[in-house]
Amino acid sequence: SQKIEQNSEALNIQEGKTATLTCNYTNYSPAYLQWYRQDPGRGPVFLLLIRENEKEKRKERLKVTFDTTLKQSLFHITASQPADSATYLCALSGANNLFFGTGTRLTVIP
Amino acid sequence: EAEVAQSPRYKITEKSQAVAFWCDPISGHATLYWYRQILGQGPELLVQFQDESVVDDSQLPKDRFSAERLKGVDSTLKIQPAELGDSAMYLCASSLDVQRGYGYTFGSGTRLTVV
């Protein structure tokens, strides 16, 4: 069965720096990959989608890359702010739905 | 902005009791999902509906869980009897067309505590 790993349960960075989160997967070839933000006690919020034939996708301070050879996606937040502190989940497309990773908890230190 | 409505927000129940959660997806979203999220883990799919039909319930513990989406609009997830291990966040989500890559819109969830 597919396996999704998000390295680092927790990541602490200084405000203004670029945060880089990693999502690795095995036993799978997803058509697309999505990233979500989740705040404590709330449901995940959709951020970005990248398809298997796309290398990079940007949205404001967010950038996602997708390397189907390495089976890896990188999620970058540039000029990070304390308000970016949250858990970030990657999700891979299945036949009809999404499979989620366990998430990385990001803390941006002022 | 349209939202997925879920109720109740919190639920405490004793083991062996019955509990039910309600979800109203975004209008026009044909696909509805129920996920369970244990603290510190990612959401895991319980059941998926396309309109009023179940598309995937392979991970739903059918001996105690049931879900329905009458008329293809709102949905109810029921647990009977509840067990201690059912304590988790129950999330409902809807999507316009997952095959075309639309993101899911999640509700705020129901935090269930079984005592």
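Located above this text is the structure these notes cover.
Here's a quick rundown of the structure.

Parameters and conventions
- Residues numbered from 1 in each chain as written.
- Chains lettered and ligands numbered in written order.
- Predicted model: local features only at pLDDT ≥ 70, side-chain atom pairs only at ≥ 80, totals over all residues.
- Heavy atoms only, no water.
- Salt bridge = Lys/Arg side-chain N within 4 Å of Asp/Glu carboxyl O.
- Helix = DSSP H or I, 4+ residues; strand = E, 2+ residues; numbered from the N terminus.
- Buried < 20%, exposed > 50% of the residue type's maximum accessible area, 1.4 Å probe, protein only.
- Contact = heavy atoms within 4.5 Å.
- Buried area = accessible area lost by both parts, 1.4 Å probe.
- Polar contact = N/O pair within 3.5 Å; in protein donor to acceptor, adjacent residues only side chain to side chain.

**Observations regarding the pattern of salt bridges**
All chains considered together, the criterion is met by 9 salt bridges over all chains. The salt bridge partner of Asp84 of chain A is Arg61 of chain A, with a shortest N-O separation of 2.9 Å. With Asp84 of chain A in the loop between strand S8 (72-77) and strand S9 (86-93) and Arg61 of chain A in the loop between strand S6 (56-59) and strand S7 (62-67), the pair connects residues that are 23 residues apart, well separated along the chain. Judged by its relative accessible area of 26%, Arg61 of chain A is partly exposed. Each of the salt bridges in this network shares a partner with another, and the network as a whole consists of Arg36, Arg64, Glu83 and Asp86 of chain B.

**Overview of the environment of Thr20 of chain A**
Locating Thr20 of chain A in the fold gives a position in strand S3 (residues 19-26). Put simply, Thr20 of chain A and Val45 of chain A are 25 residues apart on the chain and 19 Å apart in space, counted from C-alpha to C-alpha.

**Looking at the interface of chain A and chain B**
Contact residues are listed per partner, giving 19 residues for chain A and 24 residues for chain B. Buried surface at the junction of chain A and chain B, summed over both partners, amounts to about 1600 Å²; 46% is from carbon and sulfur atoms. For the chain A face of the interface with chain B, the top three residues by lost area are Asn96, Asn97 and Phe100 of chain A, together amounting to 29%. Linking chain A with chain B are 0 salt bridges, by the criterion used here. The tally of links from chain A across to chain B stands at 7 residue pairs in polar contact (both at pLDDT 80 or more).

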